[in-house]
Amino acid sequence: MSARWSVDHKVSLEDAASRFGMKSGKNGPALGRYVGCIKTEFDGVSGESLCIEESPEGSDSSEVTIQMQRD
C-alpha cells in the first residue's frame, strides 16, 4: 500500500505514527518532529515507512506519505 496526502496544518511524526501503530526506532528521528521519516526496512515479511514533509503550498501545510509492504 502506498498513499500520499496533504493537510493544511502541521503534522508531527508522533501523531501520525500513533495513528498507524508505528514507533520511532534506530532507523528514524526522534518523534515529535514535524518533518522527517520513520522507516522499518523490509525483512522478508513486512516493511513500512512514514514521511512528513513541508508542503510546497506553504510552511503551515504538510504532506504525509505512508508505504506498507507485507508478504
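Conventions and cut-offs
Residues numbered from 1 in each chain as written. Predicted model: local features only at pLDDT ≥ 70, side-chain atom pairs only at ≥ 80, totals over all residues. Heavy atoms only, no water. Helix = DSSP H or I, 4+ residues; strand = E, 2+ residues; numbered from the N terminus. Polar contact = N/O pair within 3.5 Å; in protein donor to acceptor, adjacent residues only side chain to side chain. Contact = heavy atoms within 4.5 Å. pLDDT = per-residue confidence, 0-100. Core = buried A, V, L, I, M, F, W, Y, C linked by side-chain atoms within 4.5 Å. Buried < 20%, exposed > 50% of the residue type's maximum accessible area, 1.4 Å probe, protein only.

It is worth spelling out the side chain of Thr 65 at this point. Counting through the fold element by element, Thr 65 comes out in strand 4 (residues 58-70). Within the structure, Thr 65 has its side chain in polar contact with the side chain of Arg 4 (distance 2.7 Å). Not counting residues within four places of it along the chain, the set of residues in contact with Thr 65 comprises Ala 3, Arg 4, Ser 49, Leu 50 and Cys 51.

Right, let's talk about the environment of Glu 63 for a bit. By the element assignment, Glu 63 lies in strand 4. For the pair formed by Glu 63 and Arg 4, sequence separation is 59 residues and the distance between their alpha carbons is 7.0 Å. When residues no more than four places from it in sequence are discounted, the contact partners of Glu 63 are Arg 4, Trp 5, Ser 6, Cys 51, Ile 52, Glu 53, Ser 55 and Pro 56. In this structure the side chain of Glu 63 is engaged in a polar contact, spanning 2.3 Å, whose partner is the side chain of Arg 4.

A word on the confidence of the model for the chain. The predicted model of the chain has a mean per-residue pLDDT of 82, with 85% of residues at 70 or higher. Per-element averaging of pLDDT across the chain places helix 1 (residues 13-19) at the bottom with 84 and strand 1 (residues 2-7) at the top with 92.

Right, let's get into the nonpolar core. Core analysis: the largest hydrophobic core is formed by 11 residues, namely Val 7, Val 11, Leu 13, Ala 16, Ala 17, Met 22, Ile 38, Leu 50, Ile 52, Val 64 and Ile 66. Secondary-structure elements contributing two or more residues to this core are helix 1, strand 3 (46-55) and strand 4. Ranked by the residues each element gives to this core, the list is headed by helix 1, at three residues. Those residues in contact with Ile 52 that lie beyond four places of it in its chain are Val 11, Ser 12, Leu 13, Ala 16, Tyr 34, Val 35, Gly 36, Ser 62, Glu 63 and Val 64.

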